[in-house]
Amino acid sequence: MSIFRVTVHNLDASYAWTVEEVDVPNGYTASVSKDGTRFIITNTLDKDNPEDPTDPDNPLVPDKPDEPADTPDDKEEPGTVEPGTPVEPVEEPDLGDAPKTGDSSNAVPYVMLMLFAMAGLIVTRRKLN
């Protein structure tokens, strides 16, 4: 189960707002319920439309059932590579003006500055007393 949330603020109250699942996955039915100001979209697996039927009308019979079937190139799973095949490195995308969210700064100078400031306060207070 996955949970996906979207929050929309400052909607004009003079309109009646609704939500809708645009791309319902095959074999699922989308339903929308409302709880106060929250809309909940639920995708339910259709029991009448299984993706892997146990008794299909036109079953696929392999030519050689004892040998594994060849998979076409366009059906390969993403990220799978035939052993021994050279892999081209993936270039990192140009982020342009995207904000930097990682902190690459070194904390040691800040900690040292804090310790020196505390030591200075302690020495100053002792001299005043």
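Residues numbered from 1 in each chain as written. Predicted model: local features only at pLDDT ≥ 70, side-chain atom pairs only at ≥ 80, totals over all residues. Heavy atoms only, no water.

A few words now on the overall build of the chain. The helix and strand tally for the chain stands at one helix and two strands. Moving toward the C terminus, one meets the helices and strands of the chain in the order β-β-α. Taken over 129 residues, the chain has a buried fraction of 1%. Relative to all contacts within the chain whose residues are 6 or more apart in sequence, the contacts with residues 24 or more apart total 3%. Here the chain has roughly 13,800 Å² of accessible surface; of this, 54% comes from carbon and sulfur atoms. (Helix = DSSP H or I, 4+ residues; strand = E, 2+ residues; numbered from the N terminus. Buried < 20%, exposed > 50% of the residue type's maximum accessible area, 1.4 Å probe, protein only. Contact = heavy atoms within 4.5 Å. Areas by Shrake-Rupley, 256 points an atom, 1.4 Å probe, with all protein chains shown as cover.)

In this section: a nonpolar patch on the surface. Taken together, Val108, Val111, Met112, Met114, Leu115, Phe116 and Met118 make up a surface patch of nonpolar side chains, about 690 Å² in accessible area. Tracing the backbone shows methionine 114 in helix H1 (residues 108-128). Taking the relative accessible area as the measure of exposure, methionine 114 reaches 47% and is therefore partly exposed. (Patch = residues over 30% accessible without salt bridge, like charges linked within 9 Å, V, L, I, M, F, W, Y side chains within 5 Å. Salt bridge = Lys/Arg side-chain N within 4 Å of Asp/Glu carboxyl O.)

Averaged over the chain, the pLDDT score is 76; the fraction of residues at 70 or greater is 72%. Within the chain, H1 carries the highest mean pLDDT (90), whereas strand E2 (residues 38-45) carries the lowest (83). (pLDDT = per-residue confidence, 0-100.)

Let's shift gears to the environment of phenylalanine 39. With respect to the element layout, phenylalanine 39 can be found in strand E2. Residue classification places phenylalanine 39 among the partly exposed residues on the basis of a relative accessible area of 31%. Residues phenylalanine 39 and valine 19 lie 20 residues apart in sequence; the distance between their C-alpha atoms is 7.0 Å.

Another aspect to go through is the pairing of strand E1 (residues 28-35). Summarising the sheet, E1 and E2 pair through eight bridges and their orientation is antiparallel. Looking at E2, one finds that valine 32 is bridged to isoleucine 41. Counting the residues in the hairpin turn of E1 and E2 gives two residues, including glycine 36, whose phi is positive at 70°. (Pairing = 2+ DSSP bridges.)

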